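# Structural overview
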Amino acid sequence: MIPDQLVAILQASFCGGICFMIAFKFNRGASKYHFIPSLCAFGLASLFGQQWMSIVGRILMYGEWPVVSVYNTLIFGILFILIVRSKGNVARLFRFDSREEWDGQERRRVAR
């Protein structure tokens, strides 16, 4: 059995890391602005930042360890890995590319 304190620390680390990567590490550079991925990135950064503040604030202010779910921590860990791989780029994470539309006729080539 995994101790509750370890799960809480892991979840706080994942949430803080996701918020930091999206809010501070992503640099748009010369790429085009897209509203939906930007809104999604804002929502994810604020959601994970609030979760981080909730866990850390409860530990520091009240001196009690919050009960967090192991399954949520695993999902947050997977999201953290994906966000780090995409360097904080939510559009690249979810592939919000609408330039190429599939006409339904193209098929995959069979390897020879």
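See the structure above.
To keep things clear, this report deals only with the structure shown in the data block. (Residues numbered from 1 in each chain as written. Predicted model: local features only at pLDDT ≥ 70, side-chain atom pairs only at ≥ 80, totals over all residues. Heavy atoms only, no water.)

Below, the discussion takes up the environment of valine 70. Within the secondary structure layout, valine 70 lies in helix α3 (residues 70–85). Taking the C-alpha atoms as reference points, valine 70 and glutamine 11, separated by 59 residues in sequence, lie 8.6 Å from one another. (Helix = DSSP H or I, 4+ residues; strand = E, 2+ residues; numbered from the N terminus.)

Quick look at empty space enclosed by the protein now. Throughout the structure, instances matching the rule amount to one cavity of 30 Å³ or more. Here the largest cavity defines a volume of roughly 40 Å³. Lining the largest cavity, in full, are Ile18, Leu44, Phe48, Leu79, Ile83, Leu93 and Phe94. Looking at the lining of the largest cavity, the elements that each hand over two or more residues are α2 (35–62), α3 and α4 (90–94). Class assignment of the residues belonging to the lining of the largest cavity gives a composition of seven nonpolar, no polar and no charged. (1 Å grid on protein atoms, 1.4 Å probe; cavity = no way out; pocket = protein on both sides within 12 Å on 5 of 7 lines; lining within 4 Å. Points joined across faces, edges and corners; volume = space filled by probe spheres on them. Nonpolar A, V, L, I, M, F, W, Y, C, P; charged D, E, K, R; others polar.)

Once that is clear, we can look at helix α1 (residues 4–25). The end-to-end C-alpha distance of α1, which contains 22 residues, comes to 30 Å, matching closely the 32 Å that a straight helix rising 1.5 Å per residue would cover. Listed in full, the buried residues belonging to α1 are Val7, Ala8, Gln11, Ala12, Phe14, Cys15, Gly16, Gly17, Ile18, Cys19, Met21 and Ile22. The secondary structure elements touched by the buried residues of α1 are α2, α3 and α4. (Expected span 1.5 Å × (residues − 1). Buried < 20%, exposed > 50% of the residue type's maximum accessible area, 1.4 Å probe, protein only. Contact = heavy atoms within 4.5 Å.)

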